[in-house]
Every structure is written in C-alpha cells, then in structure tokens.
Amino acid sequence: MKRSLLILFCLIWTTAATAQIRLGQSRYTSPKPVNILELNYSKPQTFRIAEIKAVGLSTLDENAIISLSGLKLDDRIQVPGDAISDALKKLWGQGIIGDVQILVTKIEGEDIYLLLDLTERPRFSRVEFTGVNKTQEGELRDKVNIRGRVVREDVMNTAQRNIEKYFLDKGFLNTEVKVVQVRDTTLPNSVKLRFDVDPKTKVKINEIRIFGNEEIADSKVKKKLKKTKEHARVSVFRDIYSRLTTASARDYANAAFRTDSVSQESVKTYIHKNFKLNFFNGSKYIPKEYRNDKENVLSFYQSRGFRDVKILEDSVYKFNDEKINIDIEVEEGQKYYYRNITFEGNFIHPDEVLLARLGIRKGDVYDKEKLDKRLNYDPQKGDDVSSLYQDNGYLFFDIDPVEVNVVGDSIDLEMRIFEGPQVTVNSVKIKGNERTSDHVVMREIRILPGQKFDRSLLVRTIRELSQLGYFDPEKINPDLRPNFEAATVDITFELEERPNDQIELSGGWGGFYGFVGTVGLVFNNFSLKNVRNFDKWDPLPVGDGQKLSLRVQANGRSFQNYSVSLTEPWFGGKKPNALSFSFNHSVQRQIDLFSQNNFGNELGFFKITGATLGLARRVTWPDDNFSISNSLQFQIYEFDRFGTSFGLSYPTGRSNSLTLNNTISRNNVDNPIYPRFGSNFTLSTSLTPPYSSLNKNINGETPDEEKYKWLEYHKWMFDASVYTPLFGSQKLVASARAHMGFLGSYGNKIGMIPLERFVMGGDGMTFNNFALGQEIIGLRGYENQSITPGRETRGQPDPDPFGGIVYNKYVMEMRFLVSPNPSATIFLLGFAEAGNNWGSYRDFNPYDLKKSAGVGARIFMPAFGLLGVDWGYGFDDITTFENGIPVTRRSGPQFHFTIGQQFR
C-alpha cells in the first residue's frame, strides 16, 4: 500500500513540473524548438520551408523582419547550410537586433517549421544635456538628432564628437563630454541619453611668432591670419619692444610687461599713437579657421611675387591652461616678375588687344591671384580677357597660362587659348519660384533664347533678380547646360524665395509730442489680378510683383499720418514702365497741456492732404542702367493758428500745390540691402507752374494769403552713392555718398516760399522730426532739426522761415558684413559725415560744414525691414534751447535709431 501511494505521488509531481515548464516557455510552441545551428553538419538535409514565425519583437514588424532575413515560404534550403547563415548575417547587419537565433519548431517529412527568436536593441527616447545654457542646448539638439534611433556605440560616439566639435569651433579646445545611458521607464525598451558637458574655458592665443620671413614684416603676415589673432596686449608690447632702440627703454618695457604696469603714461601714449588693439576679432583658437588662415598667408605671399612660398612647419603648443602659442616658419623663396607674355591659339582677337585687356606688363610683380582674375572673371571691373569672348557668344572659351621659361627672377608666360564656337541660347527656364508668377521673373531676364550667349547679360540678370527682393541673392544660381556639338546652351535660373513682405511696429520719441507709434504693412509681391483667387492669398493675393503699402503713425490727437500706395512695375505688361498711385493725409495739432481751464483743447493744427500719380520707365541710353520717372502731385496745406510756426505772416489759411516731379537716375548696385559693387546717381526736380508770371495782379505788395494760395517754387536734389569692396573682400565695403538740394523761386514777386524747405540734423526719420511740408535730412551726431535756419525764432511773433533753401551733405562709411543670412542680414559700420543747411544763398559756403563721426549697426529682417542704431559724435557747436534760452555748445555724443533705408 505504501509503495502504491509513493508511485501516485511521483506521477502527480511530474505532471505539475511539466505544466510549469510549458508556462515558462510561452513564447515557443511545444515541443521546445531546437537551435538550427546545433543540427548535424556532417549530414545536411534539404527541406521546404513550411512556416516562418518571429518572436521577441516589441516595436518591429514581424513580416518586415522575416522579409529582411531573406527566407521565404516554399524555399528549399539545406539544413544546416548557407541559407541559414546568410539570414543571420542579414539580420545582424541591420543594426537593430541585439540577439537572434533561428530555431526549428517541427519537421514533418521534407517540411521544416522555422522560428526567428529575436531580441531588439533599445532605442533612444530622449536626449538631455547638462553644463550648457539654453541657447547652446537648442543648437546642440540640431547637431545631436538621435531620438528614436537604435542604441549603438557608433551613434553615441558620433554624437559625442559633434558636441566636442561644436565647442571646438567656438574656441573651447579642452571640452570634456561624458555620455551616460539611463533606462527610460516610461517607454518600453527605451534609453535616455545624457551628455554631461564641461566646456572648460575658451583657449585664447597668447602669442603668434613668425620665423623665416625676411621680405615681409611680421605685422603684415599676421594681418592675413584674419580669424587667428593673438592677445592684443602681447602684440602691443612686443611691437613696442621691437621699436625701442635704447637698452634702458627696452628694460623699462620688459618691466612694464612683467608687472602689468600699463598705466604708465608714456606706454599708454605710445600705444594710442601707434597701435590698434584687437578688440573686435578676439584671440580664440579655432583649428578650421587656422587652416584657412594659413592658406591666406600663402596667397598673400604669392600676390607679392613669392610663387614658391611654403610653410615649412607650424606648431601649436600650450602656454598655460587658458592660452596657447603658435609658431609659423615660412620659406619665402625668390620674388618673381613677369617677363614675356605671349598668346597661342587666338584667331579672333590679336595679341595687342588681349595684352591690353590683361592689364599685366613686363616687369610687373608676379601675382597669381590677379592673373587668374584678369584672365577669367574680374567682378569689380568686368573687363577681363574672358569677357572679350564670353560676352560675344564664345561660352567654351578657355585660356590656360603656362610658364614656359623661368630665368632667374623672371617668368615667361604663354597663354594657350581655345576659342571654340559661338554659342546660341537655346532655352531659358526658371525653377523655385513658388509664390511669384513666371512672367514676373521672366520679364527681368536679360539673356533670351535665340541670342548669342553673353556673360555680361547673365550677370546683369542675376543682379536684376536680386533687386526684386523676392529671392535670396546669395542663392540665385544660373545652371548652364551647354551642347558643344549643337553650339547651344540651356539656362535654368535656380531660385530660392524668401519672405519679403514687411510689417512695421515701432515707436519713436517726438520731442514735445512724446511717444509716437507706427504700424505699417508693405506687400512687395501683391497681385490685383488674384484678388478673387483665394488660392493665391498669402495672406493677401500674391504673385504679380505689385507693391502695396499701408502706413499709420499716431500719437493720439497730437500727430497723425495715414498713407497708402500701390505700384505696378510693368504697366501694360510689355515694358518696365512702373505706374504708381499714392495718397497721404497728415495732421499736426497743438494741444493745450498747460492751462488748467483749457487743458486738452486744440490750439491749432496743420494738415496736409495729397495724392500722386507717377510713371517710371527704364531707358537704354546712355546705357540700360538708367531710368526716368515723372509724377504729378497735388497737395492741400491747411493751417489754423499755425502759420507763424513755419514763417508765415498769417496764422490761419490754406495753400495748394501742383507739382511736376522729374527724376533721372542710374543704378547698378548689386544688392539693395548690402551693396558690394556699383553706384546710384539720382537727379530730381520738383516744378510748380509760375503762377506769378501768369497773374499780373501779384506784386510785392500782395498779401501773403494771396501770394501763397498756390505755392510757386522749383526744387533740385542730387544724390550719389558709390560702393567698393576693400582688399578683395566681399564683406568689407567702402561707401561714399554725396547729397545736395536747392530751393528756388521764379522771381521776386513771391520769392522763397516758407514751405518745402530743408530741415537737417539727427536720424532723418520723418516721425521723429514733425516738420510737415519740409524735406527731412539726417546728420548723425546732432539732434533732430538742430541744423535748421529759423529754429531760433520759431514760435516768436515775427519768426524767420523755418528751414534752409540750400544744403550739402557728404558721407563716408566703412561697412562689414557680419551675417548674409537672408532671414537676418547684419552688418556693422563706421562713418564720418559732414553737412550744413543755409537759409539764403548769400550765406551759402560749401566749406562751412558740421562734422561728425561714429559707429552703427544694421539688421535686415524680411518681416520688419531694415532696423538700425548709430552712435555719433558731433564735433561742431550748435544752438540748443534750455527753458527757452538759447545755449551754444558742442553737439557731442548722440544715439540715433532708424527704421527703413535712409537715403539722405
């Protein structure tokens, strides 16, 4: 009996154990699968795949994984065999599997049932950073975009290197990055990745030493290291030391350097007189920029005749924990000169013509950069050798300068020319204009199908497209597809549109009137035709290149200005004749702010209401950079208890003005926002009818109310701007401008009118000057309106006319482009300017000018236009009023804020 009970107990225990094993193996079917790699390799068998399944997946698709293995139902495979090995390699090769086995769940005759037993690799769910600020974190997230990717060592190493490179490019050479993986419990099979960043301190350059240079001074070589600058104080003291001649002076300099006694007046004076400190460029070390700067040094030497120059070696070594030293050893080699220059293969133009166009003569210093420019493309002049051919259809023209003889310091050049056939333009297409209609772009293209290829027209087309403002000027790319056999070329202009509608939300201080708010909207690609086509609204109808401008300025009741204008640049659609219409209404009120009983009441007003209809057209003579515009303007001037403010003898009345405005201009600047090349000259006149000659009743005894019922005057304005890049740079540009204006009368019956005069000084912004009916002229470094005749007597019982009748202004600017990004174009500038404003031609003296100098910055954003800030210092005396008392003193420092492009 005991034996029977023992047998029964064993049977029950065995059954329970078996059930537990099956439950623990629930990812498999019973019986337990066999690893296919454990089968007997000495006796492989051929089977038909009857079934394939995959287990162990959490995010991956089962069918996709089976497909990636390469195994398919009904395939006949050898087991063991290459098919299984290949399947394992393919799955491993995807990089998304942590572990994989191919198991056999069942064999029935020639049928085999396979199971892919997989373990997925975890994925990155989040990326976190420590040790960086918010700005750096945002930029690093763009560089470390690994969210959702499979966890792999190479991915983490690449991310770590990208972070280190990011800080390296900012001058942090000793940055340490630690990568920490943390399991993400909020998501299945996921890992959070944390980067613990310690940038350390920026590594700066303590000293740069140049060796081996005998012909070119250290300072000139270092200037070519544009982005690799040594610490300013070190360079100053070393240069001082090198210029001191006596032993005692050298000892003093050494002592000053060691003890930091830079406050000594003699050292300070010497620095101020002889050295320019390196405040703006900094002295951080960036390896990429350093490599580029070494190439700049070689190019500089080659432009001075040293064609064999080499950098024998350079070393970057630690000075201390925060600074490094750089040693550069150059081998200058011999200085070379051009001797004989000959041409081979030229049939169209003789040697004399080509040599004159080349502009290099026997005995000139060898300059490889200049040679390349004069042979192939000179952007500043456009008169290189290639232009002789490529402006006349010879697109395939090629010229190869070959050094055929080197004797001593002289080089003989042979210019080997391939002229090729004349090429005809087969087709011209555009690509990338999603908002702008094709016809708006095509009408600006100067190079057309059927014409001989002309490089100058191609360059002109790029400039015209840039001037539109609809496209990024830096990304206008003419894609040329020439066909040598057919002697044709297909041209596609690749464009990238940028937003150029503008919204102006600004405020300014209007002196007595206080804060003035401005709201303006400018739609530069408006379309009247698409008003009913709501698919073309973005946010208003766009695509036809018309310009719609709406603007409101106000300070409660004190000052208000409303304006609207619409311009169709191609009126009629066949020629670039710009038809424009504008309407404006301005009102300036005097409000009682001092009387207790009459507070807030109106004491007087001045209103101007006007409309203008204009037509501008391009002309082809003297060249096709010229344009002529004419407009007819009608304005009504209404004033109530206000006339004496600008010099009239009566306080209340009304005047009318009918003016014919004429403008001749020549404009070939390459970019309207940041011009690098070209010029802009404008001569404009404003003419009213000579009413006094037509009305015999008007004479010197006629009351002012009758004389000024219709304003009679003629005004002449001249503006000139020239832009030139400096030192071959596309970023550093010199700008020279001249402006002058003259107001005249038709005779002595009426004389000089008190309106339409010149008001000078300050930022040149209309809403900051409140001089309705006058021409606003800026002059930085001086207060608004501070250089204006009649300012001293304004508001008195018998005031002089407010404003000048002749002015001169001259401006020189040095501009440096910080960022060409079309979404935020930024440039810095330094300026010096001079000007003056005279109330009569008797007082006019073009040499008596108010002078100023200063610095400023500009930023252009498509949504807001051009915004600027300037600091200027006025060197001359002006008269200001303090509590109604005139005080004369030097203008001194002034800050100015500007909105929009200031032309005068």
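Residues numbered from 1 in each chain as written. Predicted model: local features only at pLDDT ≥ 70, side-chain atom pairs only at ≥ 80, totals over all residues. Heavy atoms only, no water.

Considering the arrangement of structural elements, one finds Thr682 in strand E26 (residues 678–687). For Thr682, a relative accessible area of 19% puts it in the buried group. With residues up to four places along the chain from it excluded, the contact list for Thr682 reads Thr663, Ile664, Ser665, Met717, Phe718 and Asp719. (Helix = DSSP H or I, 4+ residues; strand = E, 2+ residues; numbered from the N terminus. Buried < 20%, exposed > 50% of the residue type's maximum accessible area, 1.4 Å probe, protein only. Contact = heavy atoms within 4.5 Å.)

Of the consecutive residues Trp621 and Pro622, the connecting peptide bond is found in the cis state with omega at 0°. As for its placement among the helices and strands, Pro622 is situated in the loop between strand E23 (602–619) and strand E24 (626–640). At Glu756, a residue that is not glycine, the phi angle is positive and equals roughly 60°. Mapped onto the elements, Glu756 comes out in the loop between strand E28 (732–744) and strand E29 (758–760). The exposure class of Glu756 is buried, given its relative accessible area of 11%.

So, about the packing of aromatic side chains. On inspection of all chains with the given rule, the structure shows 20 aromatic pairs. Arranged with centres 5.9 Å apart and planes meeting at 80°, the rings of Tyr389 and Tyr394 form a pair that is edge-to-face. Take Tyr389: its relative accessible area is 0%, and that puts it in the buried class. Each ring, one from Phe396 and one from Phe484, has its centre 5.0 Å from the other, and the planes form 75°; the classification is edge-to-face. Taken together, the positions of Phe396 in the loop between helix H13 (385–390) and strand E13 (398–407) and Phe484 in the loop between strand E16 (477–483) and strand E17 (488–494) put the pair 88 residues apart, joining distant regions of the chain. Cluster of aromatic residues (ring-pair linked, three or more members): Tyr166, Phe167 and Phe172. The residue whose ring lies beneath Lys106 is Tyr113, and the NZ or CZ to ring-centre distance is 4.6 Å. Stacked on the ring of Tyr336, the Lys or Arg Arg307 has its end atom at 4.8 Å from the ring centre. (Phe/Tyr/Trp six-rings, centres within 6.5 Å; stacked < 30°, edge-to-face > 60°. Lys NZ or Arg CZ within 6 Å of the ring centre and 35° of its normal.)

This paragraph deals with helix H10 (residues 287–303). The first and last C-alpha atoms of H10 sit 25 Å apart over 17 residues, in line with the 24 Å expected at 1.5 Å per residue. Those residues of H10 that sit buried are Pro287, Tyr290, Asp293, Lys294, Val297, Leu298, Phe300, Tyr301 and Ser303. In the core, the buried residues of H10 are packed alongside helix H5 (153–168), helix H6 (218–223), strand E10 (310–318) and strand E11 (323–331). Positive phi shows up at Gly305, right after H10, with a value of about 100°. (Expected span 1.5 Å × (residues − 1).)

For the rest of this paragraph, the subject is the confidence of the model for the chain. Mean pLDDT over the chain works out to 81, with 84% of the residues at or above the 70 mark. Taken together, the stretch residues 239–250 has pLDDT below 50 and engages in 16 contacts with residues farther than four places along the chain or on a different chain. Note that pLDDT drops below 50 for residues 255–280; the model gives that stretch 33 contacts with residues more than four away or on any other chain. (pLDDT = per-residue confidence, 0-100.)

Ranked by internal contacts, the top residues of the largest apolar core, which has 29 residues, are Phe606, Tyr708 and Leu711. Secondary structure elements with two or more residues in this core: E23, E24, E29, strand E31 (806–819) and strand E32 (825–838). Those residues within four positions of Leu711 in sequence are excluded, and the remaining contacts are Tyr637, Ser655, Asn656, Ser657, Thr688, Tyr691, Ile753 and Leu755. Ile52, Ile65, Ile96 and Ile102 belong to the second largest nonpolar core, which has 24 residues in total. (Core = buried A, V, L, I, M, F, W, Y, C linked by side-chain atoms within 4.5 Å.)

Structurally, Ala486 is set in the loop between E16 and E17. A C-alpha to C-alpha distance of 9.7 Å links Ala486 and Asn426, two positions 60 residues apart in sequence.

Take H5 next. Note on helix geometry: an α-helix contains 3.6 residues per turn, so any two residues three or four positions apart are oriented the same way. If you check H5, its first and last C-alpha atoms are 22 Å apart, about what 16 residues at 1.5 Å a residue would give, namely 22 Å. Of all the residues in H5, the buried ones are Val155, Met156, Ala159, Ile163, Tyr166 and Phe167. Summarising the axial view, the buried residues of H5 lie within an arc of 110°, below the 170-degree limit, and thus occupy one face. Opposite its buried face, H5 presents the exposed residues Glu153 and Arg161, each directed more than 90 degrees away. Tucked inside the fold, the buried residues of H5 contact strand E6 (123–130), helix H4 (134–143), strand E7 (176–183) and strand E8 (190–198). (Arc of directions from axis to C-beta.)

Take the sheet that holds strand E9 (residues 204–211) next. Read from one edge to the other, the open sheet built from three strands follows the order E9-E11-E10, with strand pairing classed as mixed. This sheet does not close on itself; its edge strands, each paired only once, are E9 and E10. Pairwise comparison of adjacent strand axes, ignoring direction, gives a mean angle of 15° for this sheet. Contacts between H10 and the sheet are confined to E10 and E11, with E10 contributing the most and set at about 150° to the helix. (Pairing = 2+ DSSP bridges. Axes fitted to C-alpha atoms, helices over the stretch in contact; angles between N-to-C directions.)

The subject of this paragraph is the packing of helix H2 (residues 62–69) against helix H3 (residues 82–93). The contact between H2 and H3 brings their axes to 8 Å, and the two run at 125°. Between H2 and H3, the interaxial angle falls into the category oblique. Here H2 contributes Ile65, Leu68 and Ser69 to the contact with H3, which in turn contributes Ala87, Lys90 and Leu91. Each residue belonging to the contact of H2 with H3 can be placed in one class, and the counts come to four nonpolar, one polar and one charged. (Parallel < 35°, antiparallel > 145°, perpendicular 65-115°, else oblique. Nonpolar A, V, L, I, M, F, W, Y, C, P; charged D, E, K, R; others polar.)

Turning to the sheet that holds strand E14 (residues 410–418), a few remarks are in order. Taken in spatial order, the three strands line up as E12-E14-E13 in an open sheet, and their pairing is mixed. Across the chains shown, the open sheet's two edge strands, defined by having one partner strand only, are strand E12 (337–344) and E13. Each neighbouring strand pair of the sheet contributes to a mean axis angle of 25°, computed without reference to strand direction. Both E12 and E14 contribute to a ladder of six bridges, which runs parallel. When the sheet's bridge partners are listed, Glu344 is paired in E14 with Arg416.

Within the element layout of this structure, Glu444 appears in the loop between helix H14 (438–442) and helix H15 (455–468). Residues Glu444 and Arg460, spaced 16 residues apart in sequence, show a C-alpha to C-alpha distance of 9.4 Å. The contact partners of Glu444, leaving out residues within four places of it in the chain, are Thr461, Glu464, Leu465, Leu468, Trp570 and Arg618. A polar side-chain atom of Glu444 sits 3.1 Å from a polar atom in the side chain of Arg618. (Polar contact = N/O pair within 3.5 Å; in protein donor to acceptor, adjacent residues only side chain to side chain.)

On to the pattern of salt bridges, then. Tallied over the full model, the rule gives 39 salt bridges. A salt bridge links Lys200 to Glu176; its shortest N-O distance comes to 4.0 Å. On the criterion of sequence distance, the pair formed by Lys200 in the loop between E8 and E9 and Glu176 in strand E7 is long-range, its members being 24 residues apart. One network of salt bridges, in which partners are shared, links Arg737, Arg780, Glu813, Arg815, Glu833, Arg858 and Asp870. (Salt bridge = Lys/Arg side-chain N within 4 Å of Asp/Glu carboxyl O.)

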